[in-house]
Amino acid sequence: VSVTSEALSRTPIHGRHVELGGKMVPFAGWEMPIQYEGVIAEHRQVRKSAGLFDVSHMGQVYVTGPRAKADLQRILSNDIGALADGDAQYTLLTNDRGGIDDDLIAYRFDDDCYLLVVNAANAAADVAIITGAVSDDTSVRDVSAQHAMFALQGPLALDALAETCDVDVRELAPFHFAEHQIDGVPVTVATTGYTGERGCEILVPPGDAPAIWDRLLSDERVAPAGLAARDTLRLEVCYPLHGNDIDAETTAVEAGLGWVCHWDEPFVGREALLAQREAGAARKLVALAATERGIPRAGCPVLQDGREVGTVTSGTMSPSLGFGIALAYVQTDLAQPGTDLTIDVRGRQVRAEVRTKPLYRREETL
Amino acid sequence: VSATRYPEELLYHPEHDWARIGDDGVAEFGVTWFAQDSLGDVVFFDPKDVGSTFAAGESYGELESVKTVSDLVAPMGGEIVEVNQEVVDEPERVNTDPYANWLVRVKLSDPAEKDSLLSAAAYADLV
């Protein structure tokens with residue numbers, strides 16, 4: 001049990017979590033529900049039906065002005081110039097070493113107006129970095145306190161949203177967003193998420209958040225899900241978690257995130273990343289599957305023939321797959337799928353194999 | 001609440017383990033309601049082998065949930081004479097009923113060690 005003396009922030013629906021029996025834990029300065037019924041039940045709920053997550057701890061930052069686009073093109077790794085109004089994009093806030101200060105989703109409202117949704121733990125630092133890097137006439141505003149945010153995820157999530165809240169985004173392709181109303185309350189609905197399922201993330205005014213939470217949960221296909229399930233779900237689909245799998249010292253090339261870098265134009269860290277890509281990164285972030293009983297955990301050494309060749313950055317028992325899974329940095333020559341490795345789990349040697357990402361792929365329904 | 005969460009016929013170790021001591025000098029060990037609730041969904045039970053010996057307070061295996069791993073602390077010293085294979089096969093049984101689902105049976109080295117354990121009421125005060 002960790003005891004913290006820092007005051008923790010509470011989301012606008014803290015009371016709902018307590019009423020629902022959520023087990024509240026400190027996370028990135030916030031008091032958040034790690035689970036309600038249990039992580040496995042909540043994980044399966046999201047894979048089979050729909051789960052509702054409170055992600056109000058996430059930070060929101062508006063970047064606006066005539067040079068906002070050009071500034072973000074320089075500050076963020078991905079090609080923000082490729083976005084049309086209503087498009088969303090996964091991107092990185094890279095540093096000049098090619099390291100990843102944060103990963104985030106950028107939303108384009110119009111040519112001069114972008115919303116960045118960033119990790120809670122990094123929000124203040126991100127705002128400082130971006131503010132220091134933009135043009136004088138570009139405005140950077142931390143609007144986290146003006147937004148609650150929910151993630152509704154699962155194969156039935158968008159049906160539930162359409163039929164219970166009269167917001168139909170079933171025809172909206174992934175990584176788009178649109179303005180809607182739920183019971184007269186303006187909300188922004190984006191077809192994004194962190195689970196590998198269909199679904200959406202919804203930005204909500206904090207004062208209306210409890211009523212909208214209740215409305216979403218009134219659909220029998222929807223049940224609340226906590227941070228623990230969020231973690232097992234994202235790990236099965238190999239989405240990195242900033243602070244675990246990626247950070248200021250790991251690069252986009254090492255993390256396999258070169259696909260979110262616009263190599264043709266300058267951005268912070270591009271020179272370092274190009275040099276690393278040219279020379280070949282010494283390590284790569286790979287997906288591992290335990291091929292015998294045992295659960296890898298962050299920090300476990302990865303071995304080959306008794307020699308240390310890497311480190312696990314995230315690990316869990318996969319509720320969908322039924323075996324231990326992990327993300328780990330390993331020597332690049334051992335990063336090929338099919339490579340047999342060993343994970344030292346507190347002194348016990350657990351055999352594992354490098355697998356193609358993602359480890360779990362949702363069943364496509366027609 | 002404590003009557004169902006912490007049965008009175010058991011003795012408790014402060015590390016959230018219980019012992020059910022039989023007349024034959026053999027005890028069953030398990031974990032408490034608090035332990036399984038703290039761990040969350042248990043997915044892996046990894047006991048030491050039958051024949052392993054340990055002192056009171058030492059580890060006799062590991063219990064692992066989706067989110068974390070915990071050492072199993074022996075409330076008393078002895079030798080494992082049986083492992084509950086049902087729990088090895090279905091670790092979630094620990095969540096369903098942490099008292100019916102004992103983890104190991106242990107031939108006690110010193111049954112008098114029970115005097116150092118806690119009653120249900122004393123343990124309930126602790127948690």
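What counts, and at which threshold
- Residues numbered from 1 in each chain as written.
- Chains lettered and ligands numbered in written order.
- Predicted model: local features only at pLDDT ≥ 70, side-chain atom pairs only at ≥ 80, totals over all residues.
- Heavy atoms only, no water.
- Helix = DSSP H or I, 4+ residues; strand = E, 2+ residues; numbered from the N terminus.
- Buried < 20%, exposed > 50% of the residue type's maximum accessible area, 1.4 Å probe, protein only.
- Phe/Tyr/Trp six-rings, centres within 6.5 Å; stacked < 30°, edge-to-face > 60°.
- Lys NZ or Arg CZ within 6 Å of the ring centre and 35° of its normal.
- Pairing = 2+ DSSP bridges.
- Axes fitted to C-alpha atoms, helices over the stretch in contact; angles between N-to-C directions.
- Contact = heavy atoms within 4.5 Å.
- Buried area = accessible area lost by both parts, 1.4 Å probe.
- Salt bridge = Lys/Arg side-chain N within 4 Å of Asp/Glu carboxyl O.
- Polar contact = N/O pair within 3.5 Å; in protein donor to acceptor, adjacent residues only side chain to side chain.

K.L.:
Explain the overall build of chain B to me, using residue names and the numbers behind them.
P.N.:
Along chain B, the regular secondary structure elements total five helices and nine strands. The secondary structure elements of chain B, listed N-terminal to C-terminal, are α-β-β-β-α-β-β-β-β-β-α-α-β-α. By its C-alpha atoms, chain B is 35 × 35 × 20 Å across when sized along the principal axes. Residues counted as buried form 47% of the 127 residues belonging to chain B.

K.L.:
How would you explain the packing of aromatic side chains if you had to name every residue and give the values?
P.N.:
Pairs of aromatic rings are described using the distance from one ring centre to the other and the angle between the two planes. Counting across every chain of the model gives 14 aromatic pairs over all chains. A ring pair is formed by Tyr-6 of chain B and Tyr-123 of chain B, whose centres lie 5.0 Å apart and whose planes are at 80 degrees; its orientation type is edge-to-face. Note that Tyr-6 of chain B is positioned in the loop between helix 1 (2-5) and strand 1 (11-13) and Tyr-123 of chain B in helix 5 (residues 120-126), a separation of 117 residues in sequence. The pair formed by Tyr-6 of chain B and Tyr-123 of chain B is uniform in burial state, with each residue classed as buried. Through a chain of ring-to-ring contacts, three or more aromatic side chains come together here, namely Tyr-62, Tyr-107, Phe-109 and Phe-177 of chain A. Positioned above the aromatic ring of Tyr-329 of chain A, the side-chain terminus of Arg-283 of chain A is 4.7 Å from the ring centre.

K.L.:
Explain the sheet that holds strand 13 (residues 199-204) of chain A residue by residue, including any values.
P.N.:
All names here are of chain A. Here six strands make up an open sheet; going across it, the order is 11-12-13-10-4-14 and the pairing mixed. What marks the edges here is a single partner per strand, and that holds for strand 11 (177-182) and strand 14 (222-224). Strand-to-strand, the axes of this sheet are offset by a mean angle of 30 degrees, without reference to chain direction. As paired strands, strand 12 (residues 185-190) and strand 13 are joined by three bridges and run antiparallel to one another. Note that in strand 13 the partner of Val-189 across the bridge is Ile-202. Strand contacts of helix 2 (residues 39-48): strand 4 (50-54), strand 10 (148-153) and strand 14, with the helix running at about 120 degrees to strand 4, the strand carrying the most contacts.

K.L.:
For the environment of Ala-328 of chain A, give the residues involved together with the corresponding values.
P.N.:
If you trace the backbone, Ala-328 of chain A turns up in strand 18 (residues 324-331). Residues Ala-328 of chain A and Gly-15 of chain A, spaced 313 residues apart in sequence, show a C-alpha to C-alpha distance of 37 Å.

K.L.:
Break down the pairing of strand 15 (residues 283-290) of chain A for me, with residues and values.
P.N.:
Residues and elements named next belong to chain A. Summarising burial for strand 15: six of the eight residues are buried, a large majority. Note that strand 15 and strand 18 share seven bridges and pair antiparallel. Looking at strand 18, one finds that Arg-283 is bridged to Gln-331. Summarising the sheet, strand 15 and strand 20 (residues 348-355) pair through four bridges and their orientation is antiparallel. Counterpart to Ala-287 in the pairing with strand 20 is Arg-355.

K.L.:
Please give an account of the interface of chain B and chain A that cites residues and values.
P.N.:
Opposite the 16 residues of chain B that make contact, chain A presents 16 residues. Approximately 1300 Å² of surface area, both sides summed, lies buried where chain B meets chain A, with 50% of it carried by carbon and sulfur atoms. Where chain B touches chain A, the interface holds five salt bridges. The partner of Asp-37 of chain B in a salt bridge is Lys-23 of chain A, with the nearest N and O atoms 3.6 Å apart. The interface formed by chain B and chain A holds 11 residue pairs in polar contact (both at pLDDT 80 or more) in total. Elements that contribute at least two residues to the side of chain B that touches chain A include exactly helix 2 (33-39), strand 4 (42-47) and strand 6 (59-65) of chain B.

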